[in-house]
Amino acid sequence: MCNAMLGSGVLGFPYCFKSCGVVLSVGLVFLVAFVTEMSLNFLLYCSELTGKRTYPSLAEASLGRKGELLVYLAIVLLQVSPLPAPPSEMPG
C-alpha cells in the first residue's frame, strides 16, 4: 500500500509508460488503485469490528503479540530502507 501512494514513486511513471506502453501502464495504475482501495476498506472493516484504531493493534488483535511485533519491525524497516549507503559502499 505504501508504494501505491503518490510521492517520489511517481517519478518512475515515465519509465513504466515507456517500458510497458500506455495501455498496459494505465491498466496497471488502475489495478494498483483498485487493490489499494480494497486493502484500505478491509482495514477499516477490521478496525470497526475490533475497535482498534492503529495498524499494530489490529495486528495484535488478529495475530497476537508476534503479529504486532512483526508490524512494528516492518514499519521500522520501511522507514530505514531508503537511507543511502555509507560513503565506503557508494559506487564511483
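Conventions and cut-offs
- Residues numbered from 1 in each chain as written.
- Predicted model: local features only at pLDDT ≥ 70, side-chain atom pairs only at ≥ 80, totals over all residues.
- Heavy atoms only, no water.
- Helix = DSSP H or I, 4+ residues; strand = E, 2+ residues; numbered from the N terminus.
- Buried < 20%, exposed > 50% of the residue type's maximum accessible area, 1.4 Å probe, protein only.
- Axes fitted to C-alpha atoms, helices over the stretch in contact; angles between N-to-C directions.
- Parallel < 35°, antiparallel > 145°, perpendicular 65-115°, else oblique.
- Left-handed = near helix turned anticlockwise from the far one by under 90°.
- Contact = heavy atoms within 4.5 Å.
- Nonpolar A, V, L, I, M, F, W, Y, C, P; charged D, E, K, R; others polar.
- Disulfide = S-S within 2.5 Å.
- pLDDT = per-residue confidence, 0-100.
- UniProt positions renumbered as here; feature names shortened; annotations may be inferred.

Participant: Hey, could you run me through the side chain of S57 in this one?
Facilitator: Topologically, S57 is positioned in helix α3 (residues 55-63). Its relative accessible area of 14% is what places S57 among the buried residues.

Participant: Where do I start with the packing of α3 against helix α4 (residues 65-80) in this structure?
Facilitator: How two helices sit against one another is set out by the angle between their axes and by the gap between those axes. Contact geometry of α3 with α4 gives a least axis separation of 6 Å together with a crossing angle of 150°. Classed by the angle they form, the pair α3 and α4 counts as roughly antiparallel. Seen from above, α3 lies across α4 with right-handed handedness. Of the residues in α4, those touching α3 at Y55, P56, A59, E60 and L63 are R65, G67, E68, V71, Y72 and I75. Classifying every residue of the contact of α3 with α4 gives seven nonpolar, one polar and three charged.

Participant: Mind showing me how you'd approach the state of the cysteines here?
Facilitator: Disulfides are covalent bonds that connect the sulfur atoms of two cysteines. Evaluation of the coordinates by the stated rule reveals zero disulfides. As a non-bridged cysteine, C20 has C16 as the owner of its nearest cysteine sulfur, 4.4 Å distant. According to the relative accessible area criterion, C20 is partly exposed, its value standing at 35%.

Participant: Can you help me understand the confidence of the model for the protein chain in this one?
Facilitator: A low pLDDT score tells you not to read the predicted coordinates there in detail. The predicted model of the protein chain averages 82 in pLDDT, with 79% of residues at 70 or higher. No element of the protein chain has a lower mean pLDDT than helix α1 (residues 13-20), at 86, and none a higher one than helix α2 (residues 22-50), at 91.

Participant: Help me understand the UniProt feature "transmembrane region" (unreviewed entry) in the protein chain, please; the structure alone is not making it clear to me.
Facilitator: Under the UniProt annotation, the feature "transmembrane region" (unreviewed entry) is placed at residues 22-46. Between the first and last C-alpha atoms of residues 22-46 the distance is 36 Å; the span itself is 100% helix and 0% strand.

Participant: For this particular structure, what's the right way to read the packing of α1 against α2?
Facilitator: Running from N to C, α1 and α2 point in directions that differ by 130°, and their axes come no closer than 6 Å. Compared by their axis directions, α1 and α2 come out oblique. By crossing handedness, the relation of α1 to α2 is classed as right-handed. Here F13, C16, F17 and C20 of α1 lie close against α2, whose contacting residues are V22, L24, S25, V26 and V29. In terms of residue class, the contact of α1 with α2 is built from eight nonpolar, one polar and no charged.

Participant: Would you mind showing me how to read the environment of Y15 here?
Facilitator: Residue position: Y15 is located in helix α1. For Y15, a relative accessible area of 63% puts it in the exposed group. Sequence spacing of Y15 and S25 is 10 residues, and the spatial spacing of their C-alpha atoms is 9.9 Å.

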